[in-house]
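Here is what each chain is made of, one letter per residue.
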Amino acid sequence: MDVDARTEGDDARAGGPPRVLGRYGVVAELGRGSTSIVYLARVEGRSGFSKRFALKVLRRALAEDPASVALFVAEARLGAQLNHPNVVTTLEIEEGEDLPFIVMEYLDGAPLQDLLTRARIGFMPLPLHMHLAALSGAIEGLGYSHSAAGNDGIPLQVVHRDVSPHNVFMTISGVPKVLDFGFAQTVDSPLTTITSAGRVAYMSPEQASGDAVDSRSDLFSVGVMMWEAVTRRRFWSEEASKASILSALRSRELPPNRLGALAKTSDELRAMVAKATAPDPADRYATASAFQSDLRVVLNQITPPTFAPRDLGQRVSTLFANERARLQRAIEEDLQAPPLSVTPSPPVAAAAPIAAGTPIPSI
């Protein structure tokens, strides 16, 4: 998630966040990316009912492009068909507004990338068992998505295509959630779409080459994340450019130290990471469940008996205490504001019940 990105001419920069979007009152801006802005919002009902959500709003410049709107709507419709504890919940999409927006569940926590960066800066690096536990949750969410069927019972054949630490969200309860299916491929997607989609540092060789991809492409991305967890280094050199990484991937040339850097790890962990990052999809794990089976063996070997997911959540809560406090102040100020006068609008696509929390979602 590129939360620091800014687009000149965007109306949020010119006049601040919108006060109202559809039936939702906007509380605060949470993050920005190249295609969307995410807001914390609330909706009110009778008898004092009030609920908070995350609204992912398409940027104004893209809202005038039919192709961008179509991709945005496709993301929402796919998300509405996914219902799993390790996948962010999509509730509805509002297309009748000036700017279309997706309504998502309200999470409390931070993206894994931000957690890792903050932990390193604060001299509190995540222990390996915690880092692998986070990736285990991501594999669970991806495995569900890969095998999910649509509302008509037909397999969706989802491939996320942008799996990275930026798109795994860690909640303060220690539950990882896979975010942002904006680049996802499904059974109905054109095979020619977006070779450049996703972050190249975690991209599979076949995706970089524009070849057909399947679930093994996503598992390669998790393998890169796991390699970085084990070595505490970047898979690709910090000096490597996007163009040079893409060129290497297209030639099936992975970093020369891919296996050597794993020499001091256990046999089981080394074999697992090597298999997950194999350049040829045929040499990788065929399914997320097979990957997860080997990961559980490793986690059983290295995880302290007293560890619980809440320990990982506590790390998130501690490292992001200031940000969470600022957001809580915005919520409290919003509670003091007079009730909003908004016109309810029916949902276009609904999903499962939401879970409460505070979002910093991927965009």
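Preceding this paragraph is the structure being described.
Enquirer: Would you take a moment to explain the overall build of the protein chain for this structure?
Expert: Broken down by element type, the protein chain carries 12 helices and nine strands. A separation of at least 24 residues holds for 69% of the contacts in the protein chain among residues at least 6 apart in sequence.

Enquirer: What exactly am I supposed to notice about the sheet that holds strand 9 (residues 176–178) here?
Expert: Whenever strands of a sheet pair, they do so through backbone hydrogen bonds, lying parallel or antiparallel. Strand order in this open sheet of three strands is 7-8-9, and the pairing throughout is antiparallel. Both edges of this open sheet fall to strand 7 (109–111) and strand 9, since each of them pairs with a single strand only. Recorded for the sheet is a direction-independent mean angle of 25° between the axes of neighbouring strands. Where strand 7 lies against strand 8 (residues 168–171), three bridges are found, and the strand directions are antiparallel. Bridge pairing in strand 8 links Pro111 to Phe169. With respect to the sheet, helix 5 (residues 128–147) is in contact with strand 8 and strand 9, its orientation differing from that of strand 9 by roughly 40°. Lying on the sheet, helix 11 (residues 309–319) is in contact with strand 7 and strand 8; it crosses strand 8 at an angle near 95°.

Enquirer: Can you help me understand the packing of aromatic side chains in this one?
Expert: In this description, a pair of aromatic rings is defined by centroid distance and the angle of the planes. In total, this model carries five aromatic pairs according to the counting rule given. Consider the rings of Tyr24 and Phe53, whose centres lie 5.6 Å apart with planes at 80°: the pair is edge-to-face. Note that Tyr24 is positioned in strand 2 (residues 24–32) and Phe53 in strand 4 (residues 50–58), a separation of 29 residues in sequence. The exposure class assigned to Phe53 is buried, which follows from its relative accessible area of 10%. On the basis of an interplanar angle of 85° and a centroid distance of 5.7 Å, the ring pair of Phe235 and Trp236 is categorised as edge-to-face. When sorted by exposure, Phe235 lands in the same class as Trp236, which is buried.

Enquirer: How do you make sense of the sheet that holds strand 3 (residues 36–44) when you look at a structure like this?
Expert: Read across the open sheet, the six strands follow the order 1-2-3-4-6-5; overall the sheet is antiparallel. The two strands at the open ends of the sheet, each matched to only one other strand, are strand 1 (20–21) and strand 5 (90–94). As paired elements, strand 1 and strand 2 share two bridges and run antiparallel to each other. Pairing of Val20 across the sheet is with Gly25, part of strand 2. Here helix 3 (residues 66–79) sits on the sheet in contact with strand 3, strand 4, strand 5 and strand 6 (101–104), set at roughly 145° to strand 4.

Conventions and cut-offs
- Residues numbered from 1 in each chain as written.
- Predicted model: local features only at pLDDT ≥ 70, side-chain atom pairs only at ≥ 80, totals over all residues.
- Heavy atoms only, no water.
- Helix = DSSP H or I, 4+ residues; strand = E, 2+ residues; numbered from the N terminus.
- Contact = heavy atoms within 4.5 Å.
- Pairing = 2+ DSSP bridges.
- Axes fitted to C-alpha atoms, helices over the stretch in contact; angles between N-to-C directions.
- Phe/Tyr/Trp six-rings, centres within 6.5 Å; stacked < 30°, edge-to-face > 60°.
- Buried < 20%, exposed > 50% of the residue type's maximum accessible area, 1.4 Å probe, protein only.

By themselves, these observations are geometric and do not establish any function.
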